[in-house]
Amino acid sequence: MTQRRFDDVTAGEPLAPVHYPLSVLRLVMAAGANRDFNSIHHNAEFARASGAPDMYANTFFLQGMWERCARDYIGPGGTIRSIAGFAMKAFNTAGQTVTVEGLVERKWIEAGAGLVELSMQSRTERGVTVGPGRVVVELPLP
C-alpha cells in the first residue's frame, strides 16, 4: 500500500473501486466477526420471513467496505476523520457483488491538517444501495 500525501490529491480524481462478492460464507463470517447474530444476516429463510429478499450484509460490514476503499486510497499514514451520509437504500444480499466507488470532491488545509473530502457510494447490479455519502480524511502534508 502506497502512502498518499496531500499534494498528491486532485479534485475529481476517482478512487479505485473495491468489489465484494457476497457469498453466504462471507455474510456468515462478517456477522460472526462483528457479533451481529441477528438471523437476517445469515439465514435466508428467516430473512425472507422478515420481508427481505434474502440474507443481507449488516451495517458494520457495509461501513467497513467504505473504510477499506478510503484506506486503500489514503494509505497507512492517513486518518479517516468522519463518515457522513452513510444510508442504506437497498438490501445487499447473498449472490450479489457490492462495488464501492469514490471520488475526490475537494481538499483544504484546516488548523494545519491536510483534509480531503471523498464522495462514496456502494452499488450492486440493481443500482446504488448505500449512500451517496462523504468521508473526510486527513493526509500527511509535504
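Owing to the predicted nature of the structure, the values given are computational and were not obtained by experimental measurement.

A. Quick look at the overall build of the protein. Tallying secondary structure elements over the protein gives three helices and five strands in all. For the protein, the succession of helices and strands along the chain, N to C, is β-α-α-α-β-β-β-β. The 142 residues of the protein split such that 43% are buried. In the protein, once contacts between residues fewer than 6 apart in sequence are set aside, the share between residues at least 24 apart is 67%. For the protein, the computed accessible surface area is about 7200 Å², with 54% contributed by carbon and sulfur atoms.

B. Examining unusual backbone geometry more closely. A cis amide bond links G131 to the next residue, P132, at an omega of 5°. Located in the positive-phi region is A111, a residue other than glycine, with phi close to 50°. Within the secondary structure, A111 is located in the loop between β3 (97-110) and β4 (113-124).

C. Seen up close, the environment of E67. As for its placement among the helices and strands, E67 is situated in helix α3 (residues 59-74). Residue E67 is classed as partly exposed on the basis of its relative accessible area of 35%. Counting along the chain gives 34 residues from E67 to A33, while the straight-line C-alpha distance between them is 16 Å. The residues touching E67, leaving out its near neighbours within four places in the chain, are I80 and I83.

D. Highlighting α3. Its 16 residues give α3 an end-to-end C-alpha distance of 23 Å, which sits within 8% of 22 Å, the value for a rise of 1.5 Å per residue. Burial in α3 covers these residues: F61, L62, M65, W66, C69, A70, Y73 and I74. Check the buried side of α3 and you find it contacts β1 (18-21), α1 (24-33), β2 (79-84), β3, β4 and β5 (127-139). For α3, the side-chain oxygen to backbone nitrogen distance between the N-cap and F60 is 3.3 Å, and the N-cap itself is N58. Looking at the residues trailing α3, positive phi occurs at G75, about 85°.

E. Spatial organisation of the nonpolar core. M65, V116, L118 and M120 are the most contacted members of the largest nonpolar core, which has 35 residues in total. When residues in this core are grouped by element, the largest group, eight residues, is from α3. Apart from the residues within four sequence positions on either side, M120 is in contact with W66, C69, A70, V100, E101, G102, G131, P132, G133 and V135.

Calculation criteria
- Residues numbered from 1 in each chain as written.
- Predicted model: local features only at pLDDT ≥ 70, side-chain atom pairs only at ≥ 80, totals over all residues.
- Heavy atoms only, no water.
- Helix = DSSP H or I, 4+ residues; strand = E, 2+ residues; numbered from the N terminus.
- Buried < 20%, exposed > 50% of the residue type's maximum accessible area, 1.4 Å probe, protein only.
- Contact = heavy atoms within 4.5 Å.
- Areas by Shrake-Rupley, 256 points an atom, 1.4 Å probe, with all protein chains shown as cover.
- Expected span 1.5 Å × (residues − 1).
- Polar contact = N/O pair within 3.5 Å; in protein donor to acceptor, adjacent residues only side chain to side chain.
- Core = buried A, V, L, I, M, F, W, Y, C linked by side-chain atoms within 4.5 Å.

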